[in-house]
Amino acid sequence: MRFHFLTISVFLASVTLLAAGTRGQFGQGDAVTVDPADSPSDRDELVRQLESTAGRGGTYRAQAIRSLARIGAWPQVDRWLGRINGVGDPSELARSAAVIGNELLLRISLRSELSDDSRSAIKKMTAAAKAEQQSTERLRAAIAGLAGQDVDANLAANRTLMAGGDAAIQEMVAAIVREDSGEGRSGKAISDRHRAKLLGVLEALGDGGGQALNQLALYGDAGVRSAALDALRILDPPSATDTLISAALADDATAAETQIARASASFPAGFEKLDAIAVLADRLSTLRAVAMRTPNDLTPATMWSVDADRTGVQANRSTEVFLRYRNAYDAAQRLRRLGDLPPRVARSVLSADLAYRVMVDVDWGDPEQIQVIGRSYAGQLTAPALLATLAQQREFGDTPAAVGTLRLMSDSVNADSPSAELLVGRGGGFSELVDAARDPEPLVRYEAASCVSQLVSALGSGFSFPGSSYVRKTLAEMASLDSRPLVILLETRPVVALRQESNLNQLGYAVQKVTSAIDAEREIQRGGDLRMVVSKIRIADAVPAELVDRVRRQPKGGRIPIVFYSDAETNEKSVRRTEYETTSNRWVSDNAPAVYLVALPGSPAAFSEVLAEIESKRRLPPLSISDRARFRDIGAEALQGDSAPR
């Protein structure tokens, strides 16, 4: 009897166990081991306790928000973050941000259900934490803390400075180059051991410290240049080389600078000024080429510059392309410190200077700005020198520098010092100014034609000089400019042409439709603010490669992007051949518009990638509506004056 009772008990227990495992075993869901703490009742109790903690405010609230976010209680997180939005004490906001943590704050901010108050609270906490980390008093205290030998104090100071970012670099550089004046901002010079610790932190923070010291070594006050140069020599020897070579032979270098530079390993024995000019000129040429190849996009970069009294530095947010042009500008200034330069090197220095100024301010060229250049490059602004400079710039493909030089020429005309030498080249041929009126870049040829028009008016000689017919054509082109930029569309099918014209109109372009390659060639000859040629692959009178060649051979077509599109009527063999032939290195370069092959655009968005790449290769912004209106008025006025009786 007892045996039967035990058997029945075991059987019932087995059935119970099988029933418990049935869901996971027979495919109705995975078997899950349930933690009693994760049951709804226990989770509700945990949330209730955390909300009770949050009600105490301050860091308790931040700790509760952190825990609530970790268990996914997003409505409660949103409610308590909204309470933080009403906090006005920056120190409490900074402490709350530190407790919650940057990663968790970022994770919370990505929640779509977060209210505006909560998002505002996150912004306030982040800003308060950043302000505390970059506090001048906090950073200076950390710098002073590195002067001691206590390991724990040094570690704490290192952590503070590492969190300070660019603000820490600014304060550390100021401490490193500080003069031993004993009073004022300069304070007392630091010891070599202290400087070594600061240089170690600067090295850990990346290349910002080297860039900042380089700026002070080049542009700083005479009292800080030597200290900056010596620190740069230790921190980043490769980037210090050019500045050391320049300082060793510079006319304005102090005795301390010269001694530091000549004692460095970067300055070879027997190195003379001509050797330095050759090395630095080659470096300038390289940096200018790098700047021209750098995509003109929104890639972020930090640019360091000296402050108003030239004893410290400050960081500025910019983009990679502007940083590259500034690097070329710095290389030019290192050469300028050496005094008299060979003519070709001097022209390269002026070009780098102008290119950077025009890149930063596309409207550069007002009288005050021209005067600054006049004081710095007085001997290089004669008519023959400017023509030689313009020729070198156009040969190098430096559009911003060419625009700057053309505005220098225009200023010389407006300053009642017109020179007929600008109109006639050597041997009686085209001058470089006149030839620039045929440049592929609309801005360059319009600036050149405007300058020639002003010069002819000032001289009263009329349009009687070599190449005058080309200038007249450019002026006529200017006078007929549309309010919108132009695109040439090569298409023979009316329905497809209508659809593509609509797409391009929505992008803001005026469309000139053509049906053959020869018609496209004629439209390019007419010029205008032409931005793009869009064409089908199957062309009656040319293959795609031939069309590209004919466009590129046009004086005004050398830098026009060309877009081919394929559709269902285009066989795969033609697409592959077009792709192979038109992507040849003959037409593709880092700083020139390429040839693109896309599927038949169904909407304006289909051109987005092409337009983004085109813009990344452009050095200066395209002509605006006001630019086209201004050049249109100049062209019309010049042609009216030319036709008026004399």
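In this text the structure is predicted, and so the values were computed from the model without any measurement.

Definitions and cut-offs
Residues numbered from 1 in each chain as written. Predicted model: local features only at pLDDT ≥ 70, side-chain atom pairs only at ≥ 80, totals over all residues. Heavy atoms only, no water. Helix = DSSP H or I, 4+ residues; strand = E, 2+ residues; numbered from the N terminus. Buried < 20%, exposed > 50% of the residue type's maximum accessible area, 1.4 Å probe, protein only. Contact = heavy atoms within 4.5 Å. Areas by Shrake-Rupley, 256 points an atom, 1.4 Å probe, with all protein chains shown as cover. Core = buried A, V, L, I, M, F, W, Y, C linked by side-chain atoms within 4.5 Å. Expected span 1.5 Å × (residues − 1). Pairing = 2+ DSSP bridges. 1 Å grid on protein atoms, 1.4 Å probe; cavity = no way out; pocket = protein on both sides within 12 Å on 5 of 7 lines; lining within 4 Å. Points joined across faces, edges and corners; volume = space filled by probe spheres on them. Nonpolar A, V, L, I, M, F, W, Y, C, P; charged D, E, K, R; others polar. Axes fitted to C-alpha atoms, helices over the stretch in contact; angles between N-to-C directions. Left-handed = near helix turned anticlockwise from the far one by under 90°. Phe/Tyr/Trp six-rings, centres within 6.5 Å; stacked < 30°, edge-to-face > 60°. Parallel < 35°, antiparallel > 145°, perpendicular 65-115°, else oblique. pLDDT = per-residue confidence, 0-100. Right-handed = clockwise from strand over helix to strand, strands pointing away.

Re the overall build of the chain
Along the chain, the regular secondary structure elements total 29 helices and seven strands. Here the chain holds 646 residues, and the buried ones make up 47% of them. Considering only intrachain contacts with a sequence separation of at least 6, the fraction spanning at least 24 residues in the chain is 69%. Summing over all exposed atoms, the chain offers an accessible surface of approximately 31,800 Å²; the carbon and sulfur share of this is 52%.

Description of the nonpolar core
Ranked by internal contacts, the top residues of the largest apolar core, which has 114 residues, are Leu161, Leu198, Leu213, Leu335, Met409 and Leu433. Counting 29 residues, the second largest nonpolar core, distinct from the first, contains Val77, Ala94, Ile100 and Ala121.

Description of the side chain of Ser419
Mapping Ser419 onto the fold places it in the loop between helix H20 (399-414) and helix H21 (432-435). Beyond its immediate chain neighbours, meaning those up to four positions away, Ser419 contacts Ala383 and Leu455.

Quick word on helix H19 (residues 383-396)
With 14 residues, H19 extends 20 Å from end C-alpha to end C-alpha; this agrees with the ideal 20 Å at 1.5 Å per step. Of the surrounding elements, those touching the buried residues of H19 are helix H17 (343-360), H20 and H21. After H19 finishes, the residue Gly397 shows a positive phi value of roughly 80°.

A short note on the pairing of strand E1 (residues 300-306)
Among the seven residues of E1, six are classified as buried, and the element is accordingly described as predominantly covered. As paired strands, E1 and strand E2 (residues 313-319) are joined by seven bridges and run antiparallel to one another. Considered in E2, the bridge of Thr302 is made with Arg317. Two successive antiparallel strands, E1 and E2, enclose a turn made up of six residues, where Arg310 displays a positive phi of approximately 60°.

Topic: empty space enclosed by the protein
Per the stated rule, a full pass over the model turns up one cavity of 30 Å³ or more. Quantified by volume, the largest cavity comes out at close to 40 Å³. Forming the walls of the largest cavity are Arg288, Ala291, Tyr325, Ala328, Ala352, Ala355 and Asp398. Mapped onto the lining of the largest cavity, the elements with two or more residues apiece are helix H15 (273-293), helix H16 (320-336) and H17. Counted by class, the lining of the largest cavity contains five nonpolar, no polar and two charged residues.

A look at the packing of helix H12 (residues 222-235) against helix H13 (residues 237-249)
It is the contact of H12 with H13, at a shortest axis distance of 7 Å, that shows an interaxial angle of 145°. Two packed elements cross with a definite hand, and for H12 against H13 that hand is left-handed. Of the residues in H13, those touching H12 at Leu229, Leu232, Arg233, Ile234 and Leu235 are Pro237, Ser239, Ala240, Thr243, Leu244 and Ala247.

Quick notes on the packing of aromatic side chains
One pass over the structure, following the stated rule, counts four aromatic pairs. On the basis of an interplanar angle of 40° and a centroid distance of 5.3 Å, the ring pair of Tyr329 and Tyr356 is categorised as tilted. Here Tyr329, found in helix H16, pairs with Tyr356, found in helix H17; they are 27 residues apart in sequence, far enough to count as distant. Pair check on accessibility: Tyr329 and Tyr356 agree, each one buried. Taking the centre distance of 5.6 Å and the plane angle of 65° together, the rings of Phe430 and Tyr470 count as edge-to-face. Placement of the pair is Phe430 in the loop between H20 and H21 and Tyr470 in helix H23 (residues 468-479), with a sequence separation of 40 residues.

So, the packing of helix H8 (residues 136-145) against helix H9 (residues 151-176)
One way to put it is that H8 packs onto H9 with a least axis distance of 8 Å and a crossing angle of 110°. Taken together, H8 and H9 sit at an angle that is classed as roughly perpendicular. For the pair H8 and H9, the crossing hand works out as left-handed. For the pair H8 and H9, contact is made by Thr136, Arg138, Leu139, Arg140, Ala142, Ile143 and Gly145 and by Asn154, Ala157, Thr160, Leu161, Gly164, Ala167, Ala168, Glu171, Met172 and Ala175, respectively. In the contact of H8 with H9, the residues fall into nine nonpolar, five polar and three charged.

Points about the confidence of the model for the chain
One rule of thumb: low pLDDT means the predicted coordinates there are not for detailed reading. In this model, the chain carries an average pLDDT of 88, and 90% of its residues clear a pLDDT of 70 or more. No element of the chain has a lower mean pLDDT than helix H1 (residues 2-25), at 41, and none a higher one than H17, at 98. In the model, residues 1-37 has pLDDT below 50 throughout and makes eight contacts with residues more than four positions away in sequence or in other chains. Across residues 180-186, where pLDDT falls below 50, the model places 13 contacts with residues more than four positions away in sequence or in other chains.

What to know about the environment of Val444
Looking at the secondary structure, you find Val444 in helix H22 (residues 442-459). Separated by 50 residues in sequence, Val444 and Arg394 have C-alpha atoms that sit 9.7 Å apart. Excluding anything up to four places from it in sequence, Val444 contacts Thr399, Val403, Leu406, Ala436 and Asp439.

Regarding the sheet that holds strand E5 (residues 530-536)
With parallel pairing, the five strands of this open sheet are ordered in space as E4-E3-E5-E6-E7. This sheet does not close on itself; its edge strands, each paired only once, are strand E4 (510-514) and strand E7 (595-599). If you compare each strand with its neighbour and ignore which way they point, the axes differ by 25° on average. Both E5 and strand E6 (residues 562-566) contribute to a ladder of four bridges, which runs parallel. Pairing of Val534 across the sheet is with Val563, part of E6. Against the sheet, helix H24 (residues 494-506) contacts strand E3 (486-490), E4, E5 and E6, and its axis sits at roughly 155° relative to E4. Across the sheet, helix H26 (residues 544-553) touches E3, E5, E6 and E7, and the angle it forms with E6 is around 165°.

Observations concerning the environment of Tyr470
Taking relative accessible area as the criterion, Tyr470 reaches 30% and is therefore assigned partly exposed. In this structure the C-alpha to C-alpha distance between Tyr470 and Ala437, which are 33 residues apart in sequence, comes to 7.0 Å. Look past the residues within four positions of Tyr470 in its chain and what remains in contact with it is Phe430 and Arg438.

Quick notes on the pairing of E3
Judged by how many residues are buried, E3 sits mostly within the fold: five of five residues are covered. A two-sided burial pattern is seen for E3, the buried positions comprising Leu486, Ile488 and Leu490 on one face and Val487 and Leu489 on the other. Bridge count for E3 against E4 is five bridges, and the pairing is parallel. Each bridged residue has a counterpart across the sheet, and for Leu489 the counterpart in E4 is Lys513. With respect to chirality, the unit in which E3 leads through H24 into the neighbouring parallel E4 is right-handed. Of the strand pairs in this sheet, E3 and E5 are connected by five bridges, and their pairing is parallel. The residue of E5 that forms the bridge with Leu490 is Ser535.

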